[in-house]
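Chain by chain, the residues:
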Amino acid sequence: MPDPLAGLPPRYLRTPEAARFLGLSGRTLEKHRTYGTGPTYRKIGGRVVYAVTDLQVWADQGAKSSTSDPGVGEVRPAKRHAALSPAYAGHALRR
């Protein structure tokens, strides 16, 4: 069956629309952007937009078929992760 969207430009969503699409709050999506754990986004002018396909790809990283299925990827929580924060890597905590 041919794709009805073939040949059309990709659809972009602003943060509130993208959050609704994913079932998240807008603030959670903003935190994902800050920590680098979220879907790919684009800045057009001063606006942040998400391609629907990027949102789907990101959500699909967490797809599992059962609780014991390791899956192919992981959707991390919206918080700082040592492995994703090169500015903090290798720095000991000060006491």
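As a reminder, the structure under discussion sits directly above these lines.
Everything in this summary refers to the structure shown in the same document.

The rules we used
Residues numbered from 1 in each chain as written. Predicted model: local features only at pLDDT ≥ 70, side-chain atom pairs only at ≥ 80, totals over all residues. Heavy atoms only, no water. Phe/Tyr/Trp six-rings, centres within 6.5 Å; stacked < 30°, edge-to-face > 60°. Lys NZ or Arg CZ within 6 Å of the ring centre and 35° of its normal. Pairing = 2+ DSSP bridges. Helix = DSSP H or I, 4+ residues; strand = E, 2+ residues; numbered from the N terminus. Axes fitted to C-alpha atoms, helices over the stretch in contact; angles between N-to-C directions. Contact = heavy atoms within 4.5 Å. Buried < 20%, exposed > 50% of the residue type's maximum accessible area, 1.4 Å probe, protein only.

1. What to know about the packing of aromatic side chains
Two aromatic rings, taken as a pair, are described by how far apart their centres are and by the angle between their planes. This structure, assessed with the given rule, holds 1 aromatic pair. Lying across the ring of Tyr41, Arg33 places its NZ or CZ 5.7 Å from the centre.

2. Digging into the sheet that holds strand E3 (residues 47-51)
Backbone-to-backbone hydrogen bonds join strands into a sheet, with any given pair of strands oriented parallel or antiparallel. Strands sit in the order E1-E3-E2 across an open sheet of 3 strands; the sheet is antiparallel. Strands with a single pairing partner mark the edges of an open sheet, and in this sheet they are strand E1 (12-14) and strand E2 (42-44). Direction aside, the axes of adjacent strands within the sheet are offset by 45° on average. Across the sheet, helix H1 (residues 15-22) lies against E1 and E3, angled at about 105° from E1, the strand it touches most.

3. Quick look at the pairing of E3
With 4 of its 5 residues buried, E3 lies for the most part within the structure. Two strands pair when backbone bridges link them, and E1 and E3 are joined in this way by 3 bridges, in the antiparallel orientation. By the bridge assignment, Arg14 is partnered in E3 with Val49. Count of turn residues in the E2/E3 antiparallel hairpin: 2 residues, of which Gly45 carries a positive phi of about 65°.

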